[in-house]
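Chain by chain, the residues run as shown.
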Amino acid sequence: MSKPVAEAASAADRRARQPEAAQAPEYVLEARDVSKHFTVRGALGRTSVVRAVEDATVRLRPGQILALVGESGSGKTTLARMLARFHEPTRGEIVLRGEPLSGSRRARRTYHSEVQLIFQDPFGSLNPLHRVRYNLDRALRLHHPQLSAAEREERMTQLLERVSLTPAAEFAAKFPHELSGGQRQRVVIARALAVEPRVLLGDEPISMLDVSIRLEMLNLLQRLRTEDGLALLYITHDIASARYLCDEIAVMYAGQMVESGPKEDVIASPQHPYTKLLIESSPDPERGVGDREVFFAGADELGEPPSLIDPPAGCRFHPRCPFAMQECLEQAPPRTELGGGHWATCWLHAKGRAGELADTTHAAATAARRDALQGA
Amino acid sequence: MRTAFLRSWKVRIGVAILAFFLLLAVFGPWLTHSVLGLDPRANDTTAISRSPGGGHPLGTNQFGQDMLAQVVAGARGSMYVGLLGAVVGTAIAIVVGVPAGFYGGKVDAALNFLTNLFLVMPTLPLIMIVAGYLQGTGLTTIALIIGFFGWSGGARTLRAQAMSIANRDFVRAMRMLGERGRRLVFAEVLPHLTGLIASMFLHAMIGAVMAEAGLAFLGISDSSAISWGTMIQGAQQQSAVLRGLWWWFVPPGLCIALIGTAAALVNFGIDELANPKLRAARPVPVRRAKQPARAGGAA
């Protein structure tokens, strides 16, 4: 149904990329129009296809932090796992330093010496039976086989100090269950860093951590970027932390990318109704208490994320969108370039109604739409 | 850590009983021979079917053979079958079950088919046929047969466990780090199964001791070998129960029951040993200092 438009969009995207690639520094890691479909089997042997990610494009420059935001089930984690090569994309390709991937074991090893994923749950990503030392030592042995035992020991101390786990010797001898969540996550980061990767994929790396240590973790990631020029894909549903950490934001909804651009542009003037909803729902201490009514008047009727087995036709956001028009129900929206690398896929831009987005809040628009429908 | 394992009284009793029978199996026959001067095969024609007492602490059987010496010699036979059968059975269960669960796909399909095949095979008749076919049924043969036909349940359990562990994040993380399959199986997955494997081993051991006794009872054994099973079979043939000759069947039966109990008791402690989290959760008993004089107690 949306094929021609999607193809047109990706063709436009490809055209836009060519001149850009010439001047801008090389992308270290790219996912080009990747899709991932999972086949699930029901109780009666009926199969259905979950379209977890469709035609998503992610590009990472060295030293750049890209935040990928979206609600649960929007395909963020699937995208990260494709980039970490746990899943092979159904369509599209993943490109490391301009070279597409091959499936051989050696290629996989090389890939993982450049790209490492930090899992969401630090309680699950460390084997409870191994000490911290074992984890780091294995990483060093596998990726730096030329190091002697003494050199590995030294490197291990450096790594632990780098993630502020001091005294290093003491922490190296601990089991995961003797560490707090934040300390475990730092061990996980140290293990990833032992490989000396160029790209870190953070799959909600702070969401399982205590609020009081999240900032510390964000600063650690920030430091890795500035000191080592690591590229970081920061997956989150927390706009505030994305704003604090990243350079660019990409927004996903129901498996598709709906808006992307420099963080200030996206946060200050969201150009997609879903981005707007997302930003307005995040708590903002500067917002007055009295504004609450205005912002959350329609909060009860914001709807549910759509099924990915049978996604809505046209724009996937239209069932929840207060601005939805006839086109939105029928055709996927085209991608609109808004300058400065900012783009959005929404019919409002094609129809010249983009101004409406800035004038109202999502909740107010929803309320107004409800009144209009009842009036009719 | 070891001491934590031994702190529970159940484990201590279990280990003590098992150790006792192991020592009995190793040194017992030599002790009865040189210290008590008893030979399990010597026929004392002056004392046929004698009740306990006198020169024969546990009485004698229909050939005038000393029952104490027989029980001790039987410990060696039964423990040997138990251990060898359990080692063989557990080893096959690990080799078949863990890779099936870990690798999944075709490997799993093939290995699981094999497991299911052995699971539905009527083991006892098959063992009887094989044992009959192999004629020279020494204790080693019996133990190997028991192990070879008794691994399927354990493999099934290990497969399920390995399957759940293989999909945990820490295995994914190590695979991403570049660990190879074999190392993932042995360093990441298998250590999580030690508790299960240890308890499986103990179960298999009881199972093998019992299976041997059962087979001997049915007459499938080496008639010259002495084990608790052959002793019970002898008692059965002479209808010892009807004749009230309790010392023919109670000592070997009690030994089998004791080993079973001991293995179960040890199992309670193994879980803790294999899981460091449980280890840490055990509260350290702090001896309280004498109650300090209550502040302002008089008032």
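Calculation rules
Residues numbered from 1 in each chain as written. Chains lettered and ligands numbered in written order. Predicted model: local features only at pLDDT ≥ 70, side-chain atom pairs only at ≥ 80, totals over all residues. Helix = DSSP H or I, 4+ residues; strand = E, 2+ residues; numbered from the N terminus. Buried ≥ 20, exposed ≤ 12 C-beta atoms within 10 Å, placed from the backbone. Contact = placed C-beta atoms within 7 Å. Pairing = 2+ DSSP bridges. Axes fitted to C-alpha atoms, helices over the stretch in contact; angles between N-to-C directions. Nonpolar A, V, L, I, M, F, W, Y, C, P; charged D, E, K, R; others polar. Bend = angle between axes of the 7 residues up to and from the residue. Left-handed = near helix turned anticlockwise from the far one by under 90°. Core = buried A, V, L, I, M, F, W, Y, C linked by C-beta atoms within 7 Å. pLDDT = per-residue confidence, 0-100.

### A look at the overall build of chain A
- The secondary structure content of chain A amounts to 16 helices and twelve strands.
- Each of the 376 residues in chain A was classed as buried or not, and the buried ones make up 41%.
- Restricting to contacts in chain A with at least 6 residues of sequence separation, those with at least 24 account for 68%.

### Describing the overall build of chain B
- Looking only at helices and strands, chain B features 14 helices and zero strands.
- When each of the 299 residues of chain B is scored for burial, the buried share is 43%.
- Contacts spanning at least 24 positions in sequence make up 71% of the contacts within chain B whose residues lie at least 6 apart.

### Digging into the environment of B:Ser223
- You can see B:Ser223 is positioned in the loop between helix H10 (194-217) and helix H11 (228-237).
- Separated by eleven residues in the primary sequence, B:Ser223 and B:Gly234 place their C-alpha atoms 10.0 Å from one another.

### Looking at the sheet that holds strand E4 (residues 91-96) of chain A
All names here are of chain A.
- The strand order across the open sheet built from four strands is E2-E1-E4-E5, with neighbouring strands paired in antiparallel fashion. On the outer flanks of this sheet lie strand E2 (47-60) and strand E5 (99-100), each paired with one strand and no other.
- Judged from the two bridges that link them, E4 and E5 form a sheet pairing that is antiparallel. The partner of Leu96 across the bridge, within E5, is Glu99.
- Strands in contact with helix H2 (residues 76-83) are strand E1 (29-41), E2 and E4; relative to E1, the strand with the most contacts, it is inclined by about 115°.

### Section: the environment of B:Leu124
Residue and element names in this part refer to chain B.
- The topology assignment puts Leu124 in helix H5 (residues 123-133).
- Using a count of 14 C-beta atoms within 10 Å as the deciding quantity, one classes Leu124 as partly exposed.
- Remark: the alpha-carbon pair of Leu124 and Ala25, spanning 99 residues in sequence, is separated by 27 Å.

### Quick look at the pairing of strand E8 (residues 231-236) of chain A
Residue and element names in this part refer to chain A.
- Burial analysis of E8 places six of its six residues in the buried class, the great majority of the element.
- On E8, burial covers both faces: Ala231, Leu233 and Ile235 on one face and Leu232, Tyr234 and Thr236 on the other are all buried.
- The pairing of strand E3 (residues 65-69) with E8 spans five bridges and is parallel. Note on E8: the bridge partner recorded for Leu66 is Leu233.
- The pairing of strand E7 (residues 199-203) with E8 spans five bridges and is parallel. Opposite Asp203, over in E8, you have Ile235 as the bridge partner.

### Some thoughts on the interface of chain A and chain B
- Chain A puts 21 residues into the contact, and the matching count from chain B is 15 residues.
- Breaking the side of chain A that touches chain B down by element, the ones donating at least two residues are helix H3 (105-112), strand E6 (115-118) and helix H4 (132-143) of chain A.
- In terms of residue count, the dominant contributor to the side of chain A that touches chain B is H4(A) (four residues).
- Of the residues assigned to the side of chain A that touches chain B, the class counts are eleven nonpolar, seven polar and three charged.

### Examining the sheet that holds strand E9 (residues 248-253) of chain A
Residues and elements named next belong to chain A.
- Within the open sheet, the eight strands sit side by side as E6-E7-E8-E3-E9-E10-E12-E11. Their pairing is mixed. A single partner strand is all that each edge strand has here, and the edge strands are E6 and strand E11 (335-337). Strand after strand, the sheet turns through a mean of 20° between neighbouring axes, direction not considered.

### As for helix H2 (residues 9-34) of chain B
- In the structure, H2(B) departs most strongly from a straight axis at B:Phe27, where the bend amounts to approximately 60° and where the proline B:Pro29 lies between one and four residues downstream.
- Those residues of H2(B) not exposed but buried are B:Val11, B:Gly14, B:Phe21, B:Leu24, B:Ala25, B:Gly28, B:Pro29 and B:Thr32.

### Quick word on the packing of helix H3 (residues 67-103) of chain B against helix H4 (residues 105-120) of chain B
Residues and elements named next belong to chain B.
- One way to put it is that H3 packs onto H4 with a least axis distance of 7 Å and a crossing angle of 145°. Helix-helix and strand crossings are classified by hand; for H3 and H4 the assignment is left-handed. Residue-level contacts link Val96, Pro99, Ala100 and Tyr103 of H3 to Gly105, Val107, Asp108, Leu111, Asn112, Leu114 and Thr115 of H4.
- In terms of residue class, the contact of H3 with H4 is made up of seven nonpolar, three polar and one charged.

### Concerning the nonpolar core
- Counting 168 residues, the largest nonpolar core has A:Leu66, A:Ala67, A:Leu83, A:Leu201, A:Leu233, A:Tyr234 and A:Val251 as the members making the most contacts within it.
- Excluding residues within four positions of it along the chain, A:Tyr234 makes contact with A:Ile65, A:Leu66, A:Ala67, A:Gly202, A:Ala242, A:Leu245 and A:Cys246.

### Describing the environment of A:Glu151
Residues and elements named next belong to chain A.
- If you trace the backbone, Glu151 turns up in helix H5 (residues 149-162).
- Judged by the 12 C-beta atoms lying within 10 Å of it, Glu151 is exposed.
- Between the C-alpha atoms of Glu151 and Leu140, which are eleven residues apart in sequence, the distance is 9.8 Å.

### Let's talk about the confidence of the model for chain B
All names here are of chain B.
- This prediction gives chain B a mean pLDDT of 79; 82% of its residues lie at or above 70.
- Per-element averaging of pLDDT across chain B places helix H14 (residues 276-281) at the bottom with 51 and H4 at the top with 90.
- Here residues 280-284 scores under 50 on pLDDT; set against residues more than four positions off or in separate chains, the count is two contacts.
- Residue range residues 292-299 is modelled with pLDDT below 50. Its contacts to residues more than four positions away, or to other chains, number zero contacts.

### Overview of the pairing of strand E10 (residues 256-262) of chain A
Residues and elements named next belong to chain A.
- Of all the seven residues making up E10, six are buried; the element is thus mostly covered by neighbouring parts of the structure.
- The sheet contact formed by E9 and E10 spans six bridges and is antiparallel. Counted as the bridge partner of Glu248 is Pro262 from E10.
- Linking E9 back to E10 in an antiparallel pair, the connection comprises two residues, with Ala254 at a positive phi of about 50°.
- Sheet topology places E10 next to strand E12 (residues 343-345); two bridges connect them, and they run antiparallel. Following the sheet pairing, Glu259 is matched in E12 by Ala344.

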